[in-house]
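What follows is each chain in one-letter form.
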Amino acid sequence: MSATTPYVHSRSRFRLPPLLRLALSRLGTGILSITAVSVIVFWATLVLPGTAATAILGQSATPERLAALTEQLKLDQPPLEQFLSWIGNALTLNFGNSLANGESVVALLAPRLINTGVLLLIATVVSTVLGIVFGLLAAARRDGWFDHVSSVAALVASALPEFVVAIFVILVFSVAVFHWFPAVSVMPPGDTVLGHLDQLVLPALTLVIVVTPYVFRMMRAATIEALSSEYAELATLKGLSRGRILLRHAMPNALAPTVQVVGLNILYLAGGVVLVESVFNYQGVGLALVSAVTTRDVPVIQYVVLLLAVFYVLLNIATDLVVLALTPRRRKSV
């Protein structure tokens, strides 16, 4: 009696690439986060003290005028009806009109988005380049004078609040020592900073001073750890130069944790830019948000906060993908 071997049907299971799986997973979580933020922001604006009608007409307005403007602005509708109307319009990218001047929210904030975007882009690029370069140099000259000086300077800069750095920058480059740049922005509303580049320097310099130390410290620590690893010691035994070991072996391994810090810095800048724009009167989204809260301009508040939430989600996804691309061994666990 001959034994028969059972036929086993085998097929390879289809799996998405790790980067795509991570992106889809983060995107699903991000959509839920944005939905939760939209609900919280809408209901939070309803409990703000005062109303847009009161902010527009002033405290001395008559009850009749307040009632008429409240009805005109549709502020007398039930909260649930207002929310459903707002969320339905937001899904079609219609965020309504400003309660303060009646202009479309998207058109009103378009130049301010450009101004803030340019400011964040310059601050991010400059701080990242400076942090990586100085972090590499400090790690290569560990315990030397450059390492000690740069580490102390980074510690001091990271301990200073944004407004202190902004005032210091104004004193040095605009008022007391040099008179190179304007202390505050005098851009007319609706203009972009692309035509007033001199008014971009001090706000960008302030943000660079604030966030560069974090990139520097992470790059220095990660590079020192990479230089003390076994593969770096093996490369030294093979006779490779110190510079080649630093650039070809240590730096690629130190970039992954540094990229995570850069992503966190951008998120920090997106929130901290409100204070810097207020100090310099910089015509960006942060200053618009402060003005909208003052005037109870609810559509502008909702649009800006929702836009920031979307930015946070997309940036987190991009950061995770870059880190995964820089560390191939992590793809197996995704």
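## Points about the pattern of salt bridges
Within the structure shown, the criterion is met by one salt bridge. In this structure, the salt-bridge partner of D147 is R220, at a minimum N-O distance of 2.7 Å. Note that D147 is positioned in helix α6 (residues 145-159) and R220 in helix α8 (residues 201-227), a separation of 73 residues in sequence.

## Thoughts on the confidence of the model for the chain
Taken residue by residue, the chain gives an average pLDDT of 75. The fraction at 70 or more is 76%. Of all helices and strands in the chain, the one with the weakest mean pLDDT is helix α2 (residues 52-57) (58), whereas helix α5 (residues 105-140) scores best (87). Note on residues 7-12: pLDDT under 50 across the span, and zero contacts to partners over four residues away in sequence or across chains.

## A short note on the packing of aromatic side chains
Tallied over the entire structure, the rule returns three aromatic pairs. Ring geometry for F134 and F146: centres 6.0 Å apart, planes at 20 degrees, overall stacked. Of this pair, F134 sits in helix α5 while F146 is found in helix α6, placing the two residues twelve residues apart along the sequence. Residue F134 is classed as partly exposed on the basis of its relative accessible area, which comes to 34%. Judged by its relative accessible area of 17%, F146 falls in the buried class. Where F173 meets W180, the ring centres are 6.1 Å apart and the plane angle is 40 degrees; that geometry is what we call tilted. The class of F173 is partly exposed, set by a relative accessible area of 21%. These aromatic residues form a ring-pair network of at least three members: F134, W145 and F146.

## Quick notes on the packing of α5 against α8
In a pair of packed helices, the angle between the axes and the distance between the axes together describe the arrangement. For the pair α5 and α8, the least separation of the axes is 6 Å and the interaxial angle reads 35 degrees. Classified by chirality, the crossing of α8 by α5 is right-handed. Looking at side-chain class alone, the contact of α5 with α8 contains 20 nonpolar, six polar and one charged residues.

## Points about α6
Between its first and last C-alpha atoms α6 spans 21 Å; for 15 residues at 1.5 Å apiece the expected length is 21 Å, and the two agree. For α6, every residue scored as buried is listed here: F146, D147, S150, A154, A157 and S158. Within α6, the buried residues cover an arc of 105 degrees as seen down the axis, which keeps them to one side. The exposed set on the far side of α6, more than 90 degrees from its buried face, consists of W145, V149, V152 and A159. The secondary structure elements touched by the buried residues of α6 are α5 and α8.

Procedures and definitions
- Residues numbered from 1 in each chain as written.
- Predicted model: local features only at pLDDT ≥ 70, side-chain atom pairs only at ≥ 80, totals over all residues.
- Heavy atoms only, no water.
- Salt bridge = Lys/Arg side-chain N within 4 Å of Asp/Glu carboxyl O.
- Helix = DSSP H or I, 4+ residues; strand = E, 2+ residues; numbered from the N terminus.
- pLDDT = per-residue confidence, 0-100.
- Contact = heavy atoms within 4.5 Å.
- Phe/Tyr/Trp six-rings, centres within 6.5 Å; stacked < 30°, edge-to-face > 60°.
- Buried < 20%, exposed > 50% of the residue type's maximum accessible area, 1.4 Å probe, protein only.
- Axes fitted to C-alpha atoms, helices over the stretch in contact; angles between N-to-C directions.
- Left-handed = near helix turned anticlockwise from the far one by under 90°.
- Nonpolar A, V, L, I, M, F, W, Y, C, P; charged D, E, K, R; others polar.
- Expected span 1.5 Å × (residues − 1).
- Arc of directions from axis to C-beta.

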